[in-house]
Amino acid sequence: MISGDLRTRLLGAFRGECRERLLVLSSDLMKMEMGADEENIRLLIESSYREVHSLKGAARAVGLSAVEKFCQSFESFFSVIKKNSLAPSKAVCGVMVGWLDILEELITNEEGSDSSLSAGPAMVALAKMDEFVGTPALIIAEADGQKAETPSVKEHSAVDLEIEVEPQIPTARMSMGDTVRVDSSFLTGLLLQTEELLSSRNSQEVRASEVNKLNSEFSEFSRFFKDLLVDQKNSADESDDLFSVKMERKMDAFAKRLDLLASSTQKAHRDLSSKVDTLLSEFKSSMLLPFSSLLEVFPRMVRSLSSDTGKQCYFKMSGESVRIDRRILELLHDPLMHMVRNSIGHGLETPTERIAKGKNPTGNIYFEITQTDRDIVRVAVGDDGQGIDLSKLKGLALKQGLLSSQEIDELDHSALLELIFLSGMSTSDIITDISGRGLGMAIVRDRVESLGGSVTISSEMNKGTRFILKIPVALTSFRGIVVESAGRKFVVPKSGVTKVLLVRQNEIEAVGGKETIVYHGKPIPIITLSDILELGSVNKEKITFPAFIMGEGVKTVAVSMDELHGEQNVMAKPMGPLLQKVRNVSGFTMLGTGILVPILHAPDMIRTALGVSSGAKVQSFSHQQGIKEVKTVLVAEDSITSRTLLKNVLEAAGYNVVTAVDGLDALNRLKSELPDILVSDVEMPHMDGFTLTAEVRKMQRSASLPIILVTSLGSQEHREKGVDAGADAYIIKSSFDQGNLLEVIQRLA
């Protein structure tokens, strides 16, 4: 009997091996079901035979007798096929896929006792295997009208599923003796340690640059000093002349040593850069896997989901050989799965519905993977189903209070489609185990953007939906652009920048109250980086300034900054659990100078620049004047503690704050000078917040003044009273969040 610790370790290794072998088996069986020529069938049978045989041996080593006996029967089945050179019928291939489901269940049951084989599906499967082994003719009997049952944990109904992949001839897979199994966390740790050398390389580059600069400055000083010596030689006596000669020799000797130091420093920098780049490249290559290692599970999943929903599906994949970081592949599994489930669950129509619309009864789902450049992979996922019903999206947004009817009417087609990424948004009429909860696409965008990527959507009614994911090839280290704004430095991932250009002040035009520039013949908004990051006003005028073009389509925006400091390879460091949700920032890195700088998050920057992040409107910044407009907030609060808190919060956010001790005081101040927004308590002496709000609305000059009530009165009755009085927002003190208050003020002011 294997001891407890040893058995635990063996089971861990066994599970890892099983995942790989089951993926191979699943892929082989799906290709057989799809149909192949005689030679390819022979290779697929041989591959599957070897995988089942290896699984049997591994199960025996860890004492899982049920798995071992099931694999023994499965192996006998393949032995008969191989010996008689048979090509399994499509129905029998479906039976084998069902056997794979049962095998997975047996592997999950780690006790592995023989009693597991007495369960219904396993017992029927073993009996069927024995029947096929005893009567091999049944394996190819579909042509004679004989149908084989598919005993599986989850019954597969007959479904028209076709799978197309780029043509590949099955080849003998690498034997276990040619590989070394290493724990992935160990390999990841080595890669992270190697990437730490990037900081050393960047620091060495800075030191080499400083030494070269020092050498150049000393050469200038040496020439200047020698010119002085020449001028003094004519009037100097013999002793001064001797001193000048000694000084000149010392200067020459020092110059030679400094020049030698500069040369050796530069050489050391080149050597270190070459070794670090080579080592990092090799390690990254070891972490790269083809997309096929992720997508092998999808044909079988599509087959199962199509069967469950009674739909017919043609599944096509291309570009599976594109390689990407293993860690990214693992994180992409759930997003891609959500999109496929959505396509089948309420994207594709039933055969009857498709025929009624004049479509082929078999729907299409596709994955198209391409590497657009060295650092970015583009993944297109789509279907030719019914598309996204925008009217349902509008109704749901109204029902959930996410947008008003006026705001919805102002949204264009692309902006409406973006609503699908909000949590709780689903066009499904019913919640099922496949789709309808409205969480899938929110998870997709969060996961993709957490990887430093982006996701866009296009859809047309009755023609289908298409998602485009742009994903970095590797994590942690990347090529970044160092920028400066408001006296601070930041790193912007190069993958998030479409183009870098120099903008002239006279190229900026005001369109609809916003500053714009013309890009590819169309006006796009331009906003400063300091405005996006809320760094305060910049009181200097510039004739020209660098800018990034970010985003695409209707989401294209230009972001200007004060200075560009070039590109460099940087290593991203997370900000820790307390700073997971800092808008516009994804992490930190250390520059070669030793300075820690934030890494900016491109998707957040685009949303903030366009004024759609959390519904907040970005304050307009004037490049011409270089000064941001400062809004004035009047705070009416009788509690000195609450009044001080609100004043500090608002001033820290860049607002000019005027305070009033009660409602009557606030009304008198309003009559003398009108602020941009009023923030008021409700329960105050002399005049409460409800009365103050009603009085403000009666005054013609303040009838449209935005009013926010911040109070401890949280009942529905009080909320309705605030609405009746004319308040624009109602915030409860018990759940006070200064970020929420600031966003509401930005939206209303």
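Residues numbered from 1 in each chain as written. Predicted model: local features only at pLDDT ≥ 70, side-chain atom pairs only at ≥ 80, totals over all residues. Heavy atoms only, no water.

### A word on the pairing of strand 20 (residues 632-636)
Summarising burial for strand 20: 5 of the 5 residues are buried, a large majority. Bridge analysis of strand 20 against strand 21 (residues 656-660) gives 5 bridges, and the strand direction is parallel. Directly across from Leu634, in strand 21, lies its bridge partner Val658. As for the winding sense of the linkage, the β-α-β connection from strand 20 through helix 19 (residues 640-652) to strand 21 is right-handed. Strand direction decides the pairing type here: strand 20 and strand 22 (residues 677-680), joined by 4 bridges, are parallel. The residue bridging Val633 from the neighbouring strand is Ile677, located in strand 22. (Buried < 20%, exposed > 50% of the residue type's maximum accessible area, 1.4 Å probe, protein only. Helix = DSSP H or I, 4+ residues; strand = E, 2+ residues; numbered from the N terminus. Pairing = 2+ DSSP bridges. Right-handed = clockwise from strand over helix to strand, strands pointing away.)

### Here we look at the sheet that holds strand 22
Strand order across the open sheet formed by 5 strands is 21-20-22-23-24, with parallel pairing between neighbours. With one partner strand each, in any of the chains shown, strand 21 and strand 24 (729-732) form the two edges of the open sheet. For this sheet, the mean angle separating the axes of adjacent strands, direction not counted, is 20 degrees. Contacts between helix 20 (residues 663-672) and the sheet are confined to strand 20, strand 21 and strand 22, with strand 21 contributing the most and set at about 130 degrees to the helix. (Axes fitted to C-alpha atoms, helices over the stretch in contact; angles between N-to-C directions. Contact = heavy atoms within 4.5 Å.)

### Digging into the sheet that holds strand 13 (residues 514-519)
The sheet built from 6 strands is open, its strands ordered 11-15-16-14-13-12 with mixed pairing. Each edge of the open sheet is held by one strand with a lone partner, namely strand 11 (499-504) and strand 12 (509-511). The sheet shows a mean angle of 45 degrees between the axes of neighbouring strands, taken without regard to direction. Pairing of strand 14 (residues 522-528) with strand 16 (residues 557-560) involves 3 bridges; the strand directions are parallel. Considered in strand 16, the bridge of Ile527 is made with Val559.

### Notes on the packing of helix 3 (residues 65-84) against helix 5 (residues 120-134)
The N-to-C vectors of helix 3 and helix 5 enclose an angle of 25 degrees; their axes lie 9 Å apart at closest approach. Viewed along their axes, helix 3 and helix 5 adopt a mutual orientation that is roughly parallel. For the crossing formed where helix 3 meets helix 5, the hand is left-handed. Only Ala122, Ala125, Leu126, Met129, Phe132 and Val133 of helix 5 make contact with helix 3, whose side of the interface consists of Phe70, Ser73, Phe74, Ser76, Phe77 and Val80. (Parallel < 35°, antiparallel > 145°, perpendicular 65-115°, else oblique. Left-handed = near helix turned anticlockwise from the far one by under 90°.)

### Let's talk about the pairing of strand 5 (residues 362-371)
Taken together, the 7 bridges between strand 3 (residues 312-318) and strand 5 define a ladder with parallel strand orientation. Counterpart to Lys316 in the pairing with strand 5 is Tyr366. As judged from the 7 bridges shared by strand 5 and strand 6 (residues 376-383), these two strands associate in the antiparallel manner. Following the sheet pairing, Glu368 is matched in strand 6 by Ala380. In textbook terms, the turn of a hairpin is the stretch between consecutive antiparallel strands, and for strand 5 and strand 6 this stretch comprises 4 residues.

### Quick notes on the pattern of salt bridges
The tally for this structure, following the rule as stated, stands at 23 salt bridges. Note that Glu460 and Lys463 form a salt bridge whose closest N and O atoms lie 3.6 Å from each other. Note on Glu460: relative accessible area 45%, which makes it partly exposed. According to the relative accessible area criterion, Lys463 is exposed, its value standing at 56%. Between Glu567 and Lys494 there is a salt bridge, with the nearest N and O atoms lying 3.5 Å from each other. In this pair, Glu567 sits in strand 17 (residues 563-571) while Lys494 sits in the loop between strand 10 (488-493) and strand 11, placing the two residues 73 residues apart along the sequence. (Salt bridge = Lys/Arg side-chain N within 4 Å of Asp/Glu carboxyl O.)

### Considering the environment of Phe77
As for its placement among the helices and strands, Phe77 is situated in helix 3. A residue is classified by how much of its surface remains accessible, and Phe77, at 0% relative accessible area, is buried. Separated by 52 residues in the primary sequence, Phe77 and Met129 place their C-alpha atoms 6.1 Å from one another. Excluding anything up to four places from it in sequence, Phe77 contacts Val92, Met96, Trp99, Phe132, Val133 and Ile139.

### Re helix 10 (residues 298-309)
Along its 12 residues, helix 10 runs 16 Å from first to last C-alpha, staying within 8% of the 16 Å computed at 1.5 Å per residue. The buried fraction of helix 10 amounts to 10 of the 12 residues, a majority that puts the element mostly inside the structure. Every buried residue belonging to helix 10 is among Phe298, Pro299, Arg300, Met301, Val302, Arg303, Ser304, Leu305, Ser306 and Ser307, and all of these are buried. (Expected span 1.5 Å × (residues − 1).)

### Concerning a nonpolar patch on the surface
Taken together, the side chains of Phe221, Phe224 and Leu228 present a nonpolar region at the surface, about 290 Å² in accessible area. Position of Phe221 among the secondary structure elements: in helix 7 (residues 197-233). (Patch = residues over 30% accessible without salt bridge, like charges linked within 9 Å, V, L, I, M, F, W, Y side chains within 5 Å. Areas by Shrake-Rupley, 256 points an atom, 1.4 Å probe, with all protein chains shown as cover.)

### Considerations on the nonpolar core
Formed by 49 residues in total, the largest nonpolar core has its most connected members in Phe291, Leu295, Phe298, Leu332, Leu336 and Leu469. Looking at this core, the element that brings in the most residues is helix 11 (residues 326-347), giving 8 residues. Contact partners of Phe298, with chain neighbours within four places excluded, come to Phe315, His333, Leu336, Met337, Val340 and Phe367. Ranked by size, the runner-up nonpolar core spans 47 residues in total, among them Phe14, Leu25, Ala59 and Val97. (Core = buried A, V, L, I, M, F, W, Y, C linked by side-chain atoms within 4.5 Å.)

### Details of the packing of aromatic side chains
Applying the stated rule across the entire model yields 12 aromatic pairs. Pairing Phe74 with Phe77 gives two aromatic rings, centres 6.4 Å apart and planes at 50 degrees, and the pair type is tilted. Of this pair, Phe74 and Phe77 both sit in helix 3, 3 residues apart, roughly one helical turn. For the pair formed by Phe74 and Phe77, the shared burial category is buried. Seen from their ring centres, Phe74 and Phe78 are 5.1 Å apart, and the 15 degrees between their planes marks the pair as stacked. (Phe/Tyr/Trp six-rings, centres within 6.5 Å; stacked < 30°, edge-to-face > 60°.)

Function cannot be read off these values alone, since they describe shape.
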